[in-house]
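Structural features, examined
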Amino acid sequence: MDSIKQILLEGYNIDANYISIKKDGYLASCRKNYFFIKKLDISPARVLFVNQVKKYSYSKGFESQDIYLDSVLELPLYIYNDEIYVVTRYIEGRECDFYSDKDVEQAVILLAHFHKSTEGFRPENECNIYSKTDKIIKACIKRTSEIMKMKKYSEQRKNQYDIIYNKYAETMHKTALSALEILTSQECREYINRAIDEKNV
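What counts, and where the lines are drawn
- Residues numbered from 1 in each chain as written.
- Predicted model: local features only at pLDDT ≥ 70, side-chain atom pairs only at ≥ 80, totals over all residues.
- Heavy atoms only, no water.
- Phe/Tyr/Trp six-rings, centres within 6.5 Å; stacked < 30°, edge-to-face > 60°.
- Helix = DSSP H or I, 4+ residues; strand = E, 2+ residues; numbered from the N terminus.
- Buried < 20%, exposed > 50% of the residue type's maximum accessible area, 1.4 Å probe, protein only.
- Lys NZ or Arg CZ within 6 Å of the ring centre and 35° of its normal.
- Pairing = 2+ DSSP bridges.
- 1 Å grid on protein atoms, 1.4 Å probe; cavity = no way out; pocket = protein on both sides within 12 Å on 5 of 7 lines; lining within 4 Å.
- Points joined across faces, edges and corners; volume = space filled by probe spheres on them.
- Nonpolar A, V, L, I, M, F, W, Y, C, P; charged D, E, K, R; others polar.

1. Observations concerning the packing of aromatic side chains
Within this structure, the stated rule accounts for five aromatic pairs. Both rings, one in Phe49 and one in Phe121, keep their centres 6.0 Å apart while their planes meet at 70°; by these two values the pair is edge-to-face. On the criterion of sequence distance, the pair formed by Phe49 in helix α2 (residues 44-59) and Phe121 in the loop between α3 (101-117) and α4 (133-154) is long-range, its members being 72 residues apart. Their ring planes at 65° and their centres at 5.5 Å tell us that Tyr56 and Phe121 sit as a pair that is edge-to-face. Of the two residues, Tyr56 is situated in helix α2 and Phe121 in the loop between α3 and α4; the sequence distance between them amounts to 65 residues. The class of Phe121 is buried, set by a relative accessible area of 3%. An aromatic cluster is defined as three or more aromatic residues linked by ring pairs; in this entry it consists of Phe49, Tyr56 and Phe121. When the ring centre of Tyr68 is taken as reference, the NZ or CZ atom of Lys54 above it lies at 5.1 Å.

And the structure:
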């Protein structure tokens, strides 16, 4: 916790009086203000890109998000022991319950609003933009094959998770195959290439 306190103080002039572990980061309080600090395993250029997307979408009305605060470096990040940290104001919330139709519907609507708010975005020169489509396709192929392997394994057991998994395994497998068909289609590739050329999110 001492290193986190030092990062906040030296990097953001935040003298935290309380710090606790919160999911994949730390929650810090200072004079009734709450901040969330997190280490990122991405390049500084990628942080700048993400930050620009956040600010652009915020300016277009998508305000329900955690904007990176500028550090004393006048950048949306701080480097400590060669590791990258970002700080945001803490937003109280909970994780989406993907077993709840209402939660899933709200998540889909929120994601659609985010993408709508990024229309017209153009990154600055120091930022990089790239596609992870090939990695996604490889991951989908691997996960698709694992679905049915997992079904055979779960059929040998009788706990509640396995019963639910077996019930929906065929549906998940068909959905995964449909997703792969879309991702590997020529039409999808053309959309991706156009997005990269236009530097859209």
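Now that the structure is up, let's keep going.
2. Let's talk about unusual backbone geometry
In the Ramachandran plot, Asn13 falls in the positive-phi region, its phi being about 55° despite a non-glycine side chain. Position of Asn13 relative to the elements: it lies in the loop between α1 (2-12) and β1 (18-22). A positive phi angle, near 65°, is found at Asp82, a position not held by glycine. Here Asp82 is to be found in the loop between β4 (78-80) and β5 (83-89).

3. Side note on the pairing of β1
In the sheet, β1 pairs with strand β2 (residues 25-30) via five bridges, with the strands oriented antiparallel. Along β2, the bridge assignment pairs Tyr18 with Ser29. The turn linking β1 back onto β2 is made up of two residues, and Lys23 within it adopts a positive phi angle of 55°.

4. Thoughts on the layout of surface pockets
Taken as a whole, the largest pocket holds about 1400 Å³ of empty space. Lining the largest pocket are 33 residues; nearest its centre among them are Ser64, Gln65, Asp66, Arg94 and Leu110. Elements with a minimum of two residues in the lining of the largest pocket: β3 (33-40), α2, β5 and α3. Its residues assigned to classes, the lining of the largest pocket shows 17 nonpolar, five polar and eleven charged.

Nothing here speaks to function; it is geometry throughout.
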